[in-house]
Amino acid sequence: MKHFFSWDGPLLRFFDKVGKVMIASMLWLLTSIPIVTTGLASTALYYSVVKAIRNDRDYVLSQYYGALRREWKQGLLFGVLYLLAFALLLLDVIAWHEEGTKRGMLLFLICAAAMLLLAVSAVYVFSLISRFEMGFRDVLKISFFLEFRYLPSSVGIALILGTSVGLIFLSPYTVLFVPGAACFLISFLTEKIYQNIIPEPADGQEQWYDKKNKEEYDANQETV
């Protein structure tokens, strides 16, 4: 019991994680306010959650803004494309729902399913660009491949996303916690996938999150 309440005990470590998750969520909320930056914010959120919260490497704030600075081009590009795709599908969903016919209901369900598939693919896209250096086409191809290749994990991601949206809809104040918590849970699914598709590090070789920043890790990989 004494160890449980000590400074390095599980109770204080738990509250430390909770505090970091809230910081990450608020950073995501602030940097998503322009709307078009939501994709970039999600990229930075994933990177900082995995590195600073899950693996206790550096601070959430520094890793978050470091990811914003590095990935702003792809983050903004993919973010705008996904927002446009979501907007078009949402208009279709509303239109077919209001039609009130059997055909309208069928097309409503198809468009709603497409929105869900798009949301899950967005998770893969923004986590991929936060973790790896790859081109636009490669990111898209790999994200959709992973979505269907690892279907159980994709279903889990969809459930986490749906639950998160429901919580925020029921109580808007949960947006101060839910984004970081959802990202934290999703990372257990995505990181397991990424460990399956990339080579295991050799004995003594550092993982990507061990380095101070992503550029340092990439430079080190080029010299190996």
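Heads up: the structure comes first, above all this text.
Read on for a plain summary of the structure.

### Re the packing of aromatic side chains
And step 1. If you walk through the whole model with that rule in mind, you get six aromatic pairs.
And step 2. When the ring of Phe78 is compared with that of Phe136, the centres are 4.8 Å apart and the planes differ by 15 degrees; the resulting orientation is stacked. You can see Phe78 sitting in helix H4 (residues 72–99) and its partner Phe136 sitting in helix H6 (residues 136–149), a full 58 residues away along the chain.
And step 3. Taking the centre distance of 6.0 Å and the plane angle of 55 degrees together, the rings of Tyr82 and Phe126 count as tilted. With a gap of 44 residues between them, Tyr82 in helix H4 and Phe126 in helix H5 (residues 102–131) connect regions that are remote in the sequence. For the pair formed by Tyr82 and Phe126, the shared burial category is buried.
And step 4. Sitting over the ring of Phe188, Arg54 keeps its end group 3.9 Å from the ring centre.
And step 5. In this structure, Arg70 packs its charged tip against the face of Tyr47, placed 4.7 Å from the ring centre.

### Digging into the nonpolar core
And step 1. Grouped together as the largest cluster of nonpolar side chains are 48 residues, with contacts concentrated most on Tyr64 and Tyr194.
And step 2. Contributing elements (two or more residues each) for this core: helix H1 (10–31), helix H2 (38–54), helix H3 (60–70), H4, H5, H6, helix H7 (151–170) and helix H8 (178–197).
And step 3. Top contributing element to this core by residue count: H5, with 12 residues.
And step 4. When neighbours within four sequence positions are excluded, Tyr194 is seen to be in contact with Tyr46, Tyr124, Ser127, Leu128, Arg131, Phe132 and Leu146.

### Re the environment of Arg57
And step 1. In this structure, Arg57 sits in the loop between H2 and H3.
And step 2. When its relative accessible area of 30% is taken as the criterion, Arg57 is described as partly exposed.

### Some words on the pattern of salt bridges
And step 1. Using the criterion set out here, one finds five salt bridges in the structure.
And step 2. The salt bridge involving Asp56 is made with Lys20; its shortest N-O contact spans 3.6 Å. One end of the pair, Asp56, is in the loop between H2 and H3; the other, Lys20, is in helix H1, with 36 residues separating them in the sequence.
And step 3. Judged by relative accessible area, Asp56 falls into the partly exposed class, the value being 45%.
And step 4. Given a relative accessible area of 18%, Lys20 falls into the buried group.

Here is what the cut-offs are and how they apply
- Residues numbered from 1 in each chain as written.
- Predicted model: local features only at pLDDT ≥ 70, side-chain atom pairs only at ≥ 80, totals over all residues.
- Heavy atoms only, no water.
- Phe/Tyr/Trp six-rings, centres within 6.5 Å; stacked < 30°, edge-to-face > 60°.
- Helix = DSSP H or I, 4+ residues; strand = E, 2+ residues; numbered from the N terminus.
- Buried < 20%, exposed > 50% of the residue type's maximum accessible area, 1.4 Å probe, protein only.
- Lys NZ or Arg CZ within 6 Å of the ring centre and 35° of its normal.
- Core = buried A, V, L, I, M, F, W, Y, C linked by side-chain atoms within 4.5 Å.
- Contact = heavy atoms within 4.5 Å.
- Salt bridge = Lys/Arg side-chain N within 4 Å of Asp/Glu carboxyl O.

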